[in-house]
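The chain contents come next:
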Amino acid sequence: MQRWRGLDDVPGDWGRCVVTIGSYDGVHRGHQLIMGRAVERARELGLPSVVVTFDPHPSEVVRPGSHPPLLSAHHHRAELVAALGVDALLIVPFTSEFSKLSPSEFVRTVLVDGLHAKYVVEGPNFRFGHKAAGDVDFLSALGLKYDYELEVVDLFMRGEAGGGEPFSSTLTRRLIGAGDVEGAAEVLGRPHRVEGVVVRGAQRGRDLGYPTANVETLPHTAIPADGVYAGWLHVGDEAMPAAISVGTNPTFDGTARTVEAYAIDRVDLDLYGLHVAVDFLTYLRGMEKFDTIEALLERMADDVKRARDLVGAAEQPSRSDG
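The rules behind these values
Residues numbered from 1 in each chain as written. Predicted model: local features only at pLDDT ≥ 70, side-chain atom pairs only at ≥ 80, totals over all residues. Heavy atoms only, no water. UniProt positions renumbered as here; feature names shortened; annotations may be inferred. Core = buried A, V, L, I, M, F, W, Y, C linked by side-chain atoms within 4.5 Å. Buried < 20%, exposed > 50% of the residue type's maximum accessible area, 1.4 Å probe, protein only. Helix = DSSP H or I, 4+ residues; strand = E, 2+ residues; numbered from the N terminus. Contact = heavy atoms within 4.5 Å. Polar contact = N/O pair within 3.5 Å; in protein donor to acceptor, adjacent residues only side chain to side chain. 1 Å grid on protein atoms, 1.4 Å probe; cavity = no way out; pocket = protein on both sides within 12 Å on 5 of 7 lines; lining within 4 Å. Points joined across faces, edges and corners; volume = space filled by probe spheres on them. Nonpolar A, V, L, I, M, F, W, Y, C, P; charged D, E, K, R; others polar. Pairing = 2+ DSSP bridges. Domains from an automatic or database assignment. Buried area = accessible area lost by both parts, 1.4 Å probe. Salt bridge = Lys/Arg side-chain N within 4 Å of Asp/Glu carboxyl O. Axes fitted to C-alpha atoms, helices over the stretch in contact; angles between N-to-C directions. Phe/Tyr/Trp six-rings, centres within 6.5 Å; stacked < 30°, edge-to-face > 60°. Lys NZ or Arg CZ within 6 Å of the ring centre and 35° of its normal.

The name an unreviewed UniProt entry gives the chain is Riboflavin biosynthesis protein, with Actinacidiphila paucisporea as the organism. According to the UniProt record, the Function (unreviewed entry) comment for the chain reads "Catalyzes the phosphorylation of riboflavin to FMN followed by the adenylation of FMN to FAD." In its Sequence similarities (unreviewed entry) section, the UniProt entry covering the chain states "Belongs to the ribF family."

Now the structure itself:
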């Protein structure tokens with residue numbers, strides 16, 4: 001898959017193509033439906049398919065300080081898009097100037113002059129242009145002027161997660177924020193992932209016999225509710241069963257919120273400075289403050305046993321598709 005940063009990166013000889021545009025944070029099952037249709041239509045027409053997304057998230061530029069928790073790191077999002085068979089990914093820097101383009105200017109700049117779109121695929125709620133004034137009806141009408149056709153994919157996909165709501169990034173963030181990582185996985189089609197660099201913490205886990213990777217998460221990451229989870233710790237191409245703690249370590253009167261992953265039965269790891277990924281499979285329990293270290297150790301042993309059993313019975317995700 002070709003990857004372009006900004007419209008100037010699009011090859012000068014780029015021809016007609018099939019395009020879909022959106023924030024596409026998380027590349028959840030609803031997004032997959034839209035992108036899958038774009039890929040399918042592109043193959044029918046004998047044209048390449050292009051996904052257009054933005055960095056930073058538009059809300060951060062339009063309403064500074066309102067950046068939503070992100071469901072996927074940009075490089076992981078690119079891997080997920082590539083796995084769907086998309087031919088090119090265009091990441092448009094979302095600036096204040098870009099945000100002021102009228103809907104007509106947006107279409108002419110991105111779809112017409114930038115990508116020479118022949119066919120466009122969007123969901124029914126797609127909005128674009130200054131103050132999100134453009135909708136799919138306007139996008140379709142402009143197609144008559146600029147010689148492209150619009151197809152609107154009905155996002156009918158619903159699940160048990162969220163009481164049967166349609167799959168969306170908003171629903172996914174809400175589930176993650178509540179600690180319902182299994183519900184989030186239903187929407188995403190895979191476990192929710194948190195990434196970052198392993199940094200030195202208080203090293204209490206090592207002293208207690210459970211050395212953890214203290215993950216300094218990427219900015220704006222959607223982090224699950226405080227508690228203990230079962231999942232995987234990805235280091236390079238290796239996925240290790242893990243017991244994961246999210247919270248402030250109340251037994252030790254901690255104040256900083258951390259994500260720590262213990263690779264079960266692995267006490268030989270030196271991960272400091274490495275970029276790792278943590279996949280959340282199941283919520284085990286809430287964060288607790290214990291009166292004694294002995295009580296904490298007893299609960300940790302039980303957490304690890306449950307995590308080992310749950311992860312052992314689950315399908316292991318790969319580093320690229322988790």
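Picking up after the structure, the text goes on.
K.L.:
Mind showing me how you'd approach the nonpolar core here?
P.N.:
General note: in soluble globular proteins, nonpolar side chains tend to be found buried as a group. Counting 31 residues, the largest nonpolar core has Val19, Ile21, Val50, Val52, Val107, Leu115 and Leu139 as the members making the most contacts within it. Breaking this core down by element, the ones donating at least two residues are β2 (17-21), β3 (49-55), β4 (88-93), α5 (103-114), β5 (117-122) and α6 (136-146). No other element matches α5, which puts 5 residues into this core. If near-sequence neighbours (up to four positions away) are discounted, valine 50 is found in contact with Trp4, Trp14, Cys17, Val18, Val19, Thr20, Val86, Ala88, Leu90 and Leu115.

K.L.:
Hey, could you run me through the environment of histidine 192 in this one?
P.N.:
If you trace the backbone, histidine 192 turns up in strand β7 (residues 192-199). For histidine 192 and arginine 29, which are 163 residues apart along the polypeptide, the C-alpha to C-alpha distance reads 13 Å. Each residue touching histidine 192, except ones within four places of it in the same chain, is listed here: Leu71, Ile176, Ala222, Pro224, Val278, Asp279 and Phe280. For histidine 192, the side chain forms a polar contact with the main-chain oxygen of alanine 222, separated by 2.7 Å.

K.L.:
Looking at this structure, how should I read the layout of surface pockets?
P.N.:
One way to see where empty space is left: roll a probe the size of a water molecule over the atoms. Of the volumes computed, that of the largest pocket is approximately 1100 Å³. Surrounding the largest pocket, 38 residues form its lining, Gly22, Ser23, Asn125, Phe126 and Arg127 being those nearest its centre. Here the residues of the lining of the largest pocket sort into 17 nonpolar, 14 polar and 7 charged.

K.L.:
Is there a simple way to think about the pairing of strand β11 (residues 258-263) in this case?
P.N.:
It is a general feature of regular strands that their side chains alternate between the two faces of the sheet. The buried count for β11 comes to 6 of 6 residues, which makes it a mostly enclosed element. Residue alternation in β11 divides its side chains into two sets, Thr258, Glu260 and Tyr262 and Val259, Ala261 and Ala263, and both sets are buried. Relative to β11, strand β8 (residues 213-217) is paired through 3 bridges, and the arrangement is antiparallel. From the neighbouring strand, valine 215 faces β11, where its bridge partner is valine 259.

K.L.:
What exactly am I supposed to notice about the domain arrangement of the chain here?
P.N.:
Quoted interface sizes are often the accessible area lost when the parts come together. By domain assignment, the chain separates into domain 1 (2-155) and domain 2 (193-313). Of note, the centres of domain 1 and domain 2, computed from C-alpha atoms alone, are 36 Å apart. For the domain 1 and domain 2 pair, buried surface summed over both sides reaches about 610 Å², with 58% attributable to carbon and sulfur atoms. Applying the counting rule to domain 1 against domain 2 returns 0 salt bridges. Here domain 1 is connected to domain 2 by 3 residue pairs in polar contact (both at pLDDT 80 or more). Partitioning the side of domain 1 that touches domain 2 into residue classes produces 5 nonpolar, 3 polar and no charged.

K.L.:
Which parts of the structure should I look at to understand helix α3 (residues 74-83)?
P.N.:
Along an α-helix, a turn takes 3.6 residues, which lines up residues three or four apart on a common side. Within the span of α3, buried status applies to His76, Arg77, Ala78, Leu80 and Val81. Buried residues in α3 make contact with β1 (2-5), α1 (29-45), β3, β4 and β7. Glycine 85 occupies a position one or two residues after α3 and carries a positive phi of about 90°.

K.L.:
Can you help me understand the sheet that holds strand β10 (residues 238-247) in this one?
P.N.:
Backbone hydrogen bonds hold the strands of a sheet together, and the pairing may be parallel or antiparallel. Spatial strand order, β7-β8-β11-β10-β9-β12: 6 strands in a closed barrel with antiparallel pairing. Here the average twist between neighbouring strands, direction ignored, is 45°. Contacts from helix α8 (residues 181-188) reach β7, β9 (227-235) and β12 (275-285) within the one sheet, and its direction differs from that of β12 by about 120°.

K.L.:
Got a minute to help me understand the packing of aromatic side chains in this structure?
P.N.:
Two aromatic rings, taken as a pair, are described by how far apart their centres are and by the angle between their planes. Enumeration over the complete set of coordinates arrives at 11 aromatic pairs. Both rings, one in phenylalanine 106 and one in phenylalanine 128, keep their centres 5.5 Å apart while their planes meet at 40°; by these two values the pair is tilted. In this pair, phenylalanine 106 sits in helix α5 while phenylalanine 128 sits in the loop between β5 and α6, placing the two residues 22 residues apart along the sequence. Relative to tyrosine 283, the ring of tyrosine 229 has its centre 5.4 Å away and its plane inclined at 75°; by these criteria the two rings are edge-to-face. Placement of tyrosine 229 in strand β9 and of tyrosine 283 in strand β12 is noted, with a sequence separation of 54 residues between them. The class for tyrosine 229 is buried, based on a relative accessible area of 0%. Among the aromatic residues, those joined into a cluster by ring pairs are Phe54, Phe94, Phe98, Phe106, Phe126, Phe128 and Phe138. In this arrangement the basic side chain of arginine 41 is found over the ring face of tyrosine 119, its NZ or CZ atom lying 4.8 Å from the centre. Here the guanidinium or amino end of arginine 200 rests over the ring plane of tyrosine 272, the centre of that ring lying 3.8 Å away.

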